[in-house]
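Breakdown of the fold
The chain contents come next:
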Amino acid sequence: MVASKSQNLNPIRKLPVITLLMIGAAIIIALFPGWSPWLIYDRTAILSGQIWRMFTGHWVHFSATHLIYDSLALGVAGWIIETQKLPRFGWLCLLAPWLISAVLLWLEPQMRFFGGLSALATAAIVYLALFGLHDKAPWRWVCAVALLGIVGKIILEASIGQMPFATTGNIPTTVCVTGHVCGAAVALLFYAVVKYGAAKPARVR
């Protein structure tokens, strides 16, 4: 009886802790702009040995709207993922930034700076939607529309070369389509490993 009460009185277990930590980190970095030069993805600095930037650069944003839109996208997707207890979300959030940055180093040699949670948000949305395709309607159709929306957004970004929603003020920037495509690919890889791998974990609903 005591154990049952203890479980019910533990609200932390119901919070999307991983999602809150990621968004909280982005907000803290935005509040202390002096940290950004040491954290942003900087190709020259990374190739000089500052490899932490491959991870931390995703939490640096170029404007308030950039931060808000990325945080909303990641926050909603992450909240649902953690509520549904989809497996390996923590590992996705830990490894995806490194994988995305590694691909950018390889495929985007002309891009010196990169920042923002949009690539990781793309990974989270695709990861959630792929699992949702196995659920019953109407959630299945919501997830199918989300996947189509990601594809359409990437095509639009490739066409106009800009973020369709967020702005970066006076900072000259272009959208990194490669990062978003890579985020979706990482999510697909994680989904395939979790869903069809040899050690398939049980999904808790």
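Higher on the page you've got the structure.
Residues numbered from 1 in each chain as written. Predicted model: local features only at pLDDT ≥ 70, side-chain atom pairs only at ≥ 80, totals over all residues. Heavy atoms only, no water.

**Describing the packing of helix 8 (residues 118–132) against helix 10 (residues 177–196)**
Basically, it comes down to this: Every angle, taken between N-to-C directions, lies between 0 and 180 degrees, and every axis is a line fitted to C-alpha atoms, over only the stretch in contact when it is a helix. Starting at the N terminus, helices and strands are each numbered in turn, a helix being any DSSP run of H or I of at least four residues and a strand any DSSP run of E of at least two. Working rule for handedness: look at the near helix, and if it is turned counterclockwise from the far one by less than a right angle, call the crossing left-handed; if clockwise, right-handed. By the convention used here, residues are in contact when the closest approach between their heavy atoms is within 4.5 Å. Three classes are used, and their members are as follows: Ala, Val, Leu, Ile, Met, Phe, Trp, Tyr, Cys and Pro are nonpolar, Asp, Glu, Lys and Arg are charged, and the others, Gly among them, are polar.
Closest axis-to-axis distance for the helix 8/helix 10 pair is 7 Å, and the angle between their directions is 35 degrees. Crossing of helix 8 over helix 10 shows right-handed handedness. Every residue of helix 10 that contacts helix 8 at Ser 118, Ala 119, Thr 122, Ala 123, Val 126, Tyr 127, Leu 130 and Phe 131 is listed here: Gly 179, His 180, Gly 183, Ala 184, Ala 187, Leu 188, Phe 190, Tyr 191, Val 194 and Lys 195. Taken together, the residues that form the contact of helix 8 with helix 10 break down as 12 nonpolar, 5 polar and 1 charged.

**Focus: the environment of Pro 109**
The following threshold applies: For each residue, the accessible area found with a 1.4 Å probe, counting protein chains only, is set against the maximum for its type, and the residue is called buried under 20%, exposed over 50%, and partly exposed in between.
Inspection of the secondary structure assignment puts Pro 109 in the loop between helix 7 (89–107) and strand 2 (113–114). Its relative accessible area of 43% is what places Pro 109 among the partly exposed residues. Placed 66 residues apart in sequence, Pro 109 and Arg 43 show a C-alpha to C-alpha distance of 8.1 Å. The residues contacting Pro 109, other than those within four sequence positions of it, are Arg 43 and Leu 104.

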